[in-house]
Amino acid sequence: MSLMTTMNLFELAHNALLACDPDDKVAQPHALMAAWQAGQLSLDGGPAPKPIPVPGRPPRPELVLPRELPQRKLSSPEGQAILFHVLTHIEFNAINLALDAVYRFRVMPAEFYHDWLRVADEEASHFTMLHGHLRGLGKAYGDYPAHNGLWEMALKTAHDAMVRMALVPRCLEARGLDVNPGIKARLLAVGDQAGAEALDVILRDEIGHVTIGNRWFLYLCEQRGLEPMGTYQGLLDEYMAGPLRPPFHIEARREAGFTEEELAYLEGVG
């Protein structure tokens, strides 16, 4: 992608959102981050954000309901491939979610766009890493069906940056922190050292992503004179299907900025 000096960030983020080819979807966030760091992108002007019912994605994988997904028992090579296809699909969607945060939420401090461009850049790297591992297992992205739950949450939170910060990084991405150790242990049990090491990279980076979500959720609560804990609880009650369930990776959540009060609430002892 060719980027000219002082091109509009929002327009370029929109273009990246609509990219369908996985290689292009990966390349554009990398180029955007480099251009931002070089001071080549402007936050001025540009059309108002549009609804995006469907972001750019390849024709495969087929999208199905979660209950229709194939089982991923790691006792077989097929099960390992299914697991890594799930993880690869999550990262593809995570690129879109980060780009949408850049594109959709205007009149935020410049640091907000730096943070979410960084997230998009790192999610693109995660996709490349996991897709490479999937290929090593003899499969490719699109070989199995997947579900659309992550983008559905993007649509539900498109009206409000505070709601997005609460429910995507502080809820969905934080759930990724919670399940990471268990998946890693299962991979090590079947001798997949490379896959386990990939999860270590993702855990490290995702702690940073949840930290970013915490930072901007607290910023927006302060701007609106809202009490963060009660606001977060209210949004979980409104948007999530029942309370969050364990396991919780308490150490990782604490490192990402969750307060002791929030951690106690999640564990049901608050």
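Residues numbered from 1 in each chain as written. Predicted model: local features only at pLDDT ≥ 70, side-chain atom pairs only at ≥ 80, totals over all residues. Heavy atoms only, no water.

Asks: Looking at this structure, I do not really get the pattern of salt bridges. What am I missing?
Replies: Should the charged atoms of two oppositely charged side chains come close, the side chains can pair. Summed over all chains, the structure comprises 12 salt bridges. In this structure, Asp 100 and Arg 164 form a salt bridge, with 2.8 Å as the shortest nitrogen-oxygen distance. Remark: Arg 164 occurs in helix α6 (residues 161-189) and Asp 100 occurs in helix α3 (residues 77-104); sequence separation between them is 64 residues. Arg 164 matches Asp 100 in its accessibility class, with the two residues each being buried. Where salt bridges share partners, they join Asp 100, Arg 104 and Arg 164 into one cluster. (Salt bridge = Lys/Arg side-chain N within 4 Å of Asp/Glu carboxyl O. Helix = DSSP H or I, 4+ residues; strand = E, 2+ residues; numbered from the N terminus. Buried < 20%, exposed > 50% of the residue type's maximum accessible area, 1.4 Å probe, protein only.)

Asks: Got a minute to help me understand the packing of aromatic side chains in this structure?
Replies: To describe a pair of aromatic rings, you give the distance between the ring centres and the angle between the ring planes. For the structure on display, the rule yields 10 aromatic pairs. Their ring planes at 85 degrees and their centres at 5.5 Å tell us that Phe 127 and Tyr 141 sit as a pair that is edge-to-face. Here Phe 127 is found in helix α4 (residues 110-136), whereas its partner Tyr 141 is found in the loop between α4 and α5 (149-156), with 14 residues between them in sequence. By the burial criterion, Phe 127 is buried, and Tyr 141 matches it. (Phe/Tyr/Trp six-rings, centres within 6.5 Å; stacked < 30°, edge-to-face > 60°.)

Asks: I'm lost on the nonpolar core in this one. Help?
Replies: Across soluble globular proteins, nonpolar side chains have a tendency to be buried as a group. Counting residues in hydrophobic clusters, the biggest one holds 67 residues, and the most contacted among them are Phe 112, Trp 116 and Leu 167. Take this core: its biggest share by element is 10 residues, from α6. Non-local contacts of Leu 167, meaning those with residues more than four positions away in its chain, are made with Met 153, Thr 157, Leu 172, Leu 235, Leu 236, Tyr 239 and Met 240. Residues Tyr 144, Ala 198, Leu 199 and Ile 202 belong to the second largest nonpolar core, which totals 14 residues. (Core = buried A, V, L, I, M, F, W, Y, C linked by side-chain atoms within 4.5 Å. Contact = heavy atoms within 4.5 Å.)

Asks: Which parts of the structure should I look at to understand the packing of helix α2 (residues 22-37) against α4?
Replies: The geometry of a pair of packed helices is captured by two quantities: the angle between their axes and the separation between those axes. At a minimum axis distance of 9 Å, the contact between α2 and α4 shows a crossing angle of 145 degrees. Considering the relative orientation of α2 and α4, their crossing is left-handed. On α4, the residues touching Pro 22, Val 26, Pro 29, His 30, Leu 32, Met 33 and Trp 36 of α2 are Ala 110, Tyr 113, His 114, Leu 117, Arg 118, Ala 120, Asp 121, Ala 124, Ser 125, Phe 127 and Thr 128. In the contact of α2 with α4, the residues fall into 12 nonpolar, four polar and two charged. (Axes fitted to C-alpha atoms, helices over the stretch in contact; angles between N-to-C directions. Left-handed = near helix turned anticlockwise from the far one by under 90°. Nonpolar A, V, L, I, M, F, W, Y, C, P; charged D, E, K, R; others polar.)

Asks: So what exactly am I meant to see when it comes to unusual backbone geometry here?
Replies: In terms of backbone geometry, most residues other than glycine have negative phi values and most peptide bonds are trans. Arg 60 connects to Pro 61 through a cis peptide bond whose omega is 20 degrees. Topologically, Pro 61 is positioned in the loop between β2 (41-42) and α3. Cis geometry marks the peptide bond from Pro 246 to Pro 247; its omega dihedral reads 15 degrees. One can find Pro 247 in the loop between α8 (228-239) and α9 (250-255).

Asks: In this structure, what is going on with the environment of Leu 266? I would like to understand it.
Replies: Following the sequence through the fold, Leu 266 ends up in helix α10 (residues 260-266). Judged by its relative accessible area of 8%, Leu 266 is buried. Here the alpha-carbon distance between Leu 266 and Pro 247, two residues 19 residues apart in the chain, equals 10.0 Å. Contact partners of Leu 266, with chain neighbours within four places excluded, come to Leu 244, Phe 248, Arg 253 and Phe 258.

Asks: Please clarify how the environment of Ile 250 should be interpreted in this entry.
Replies: Looking at the secondary structure, you find Ile 250 in helix α9. The spacing of Ile 250 and Glu 260 is 10 residues in sequence and 9.5 Å in space, taken between C-alpha atoms. If we ignore the near neighbours within four places in the chain, the residues touching Ile 250 are Leu 263 and Glu 267.

Asks: It is not clear to me how the packing of helix α7 (residues 193-224) against α8 should be interpreted in this structure. Could you clarify?
Replies: α8 packs onto α7 with a crossing angle of 110 degrees between their chain directions and a minimal axis gap of 10 Å. The angle between the axes of α7 and α8 places the two elements in the roughly perpendicular class. In this structure, α7 contributes Phe 217, Leu 218 and Cys 221 to the contact, and α8 contributes Pro 228, Thr 231, Tyr 232 and Leu 235. Considering only residue class, the contact of α7 with α8 consists of six nonpolar, one polar and no charged. (Parallel < 35°, antiparallel > 145°, perpendicular 65-115°, else oblique.)

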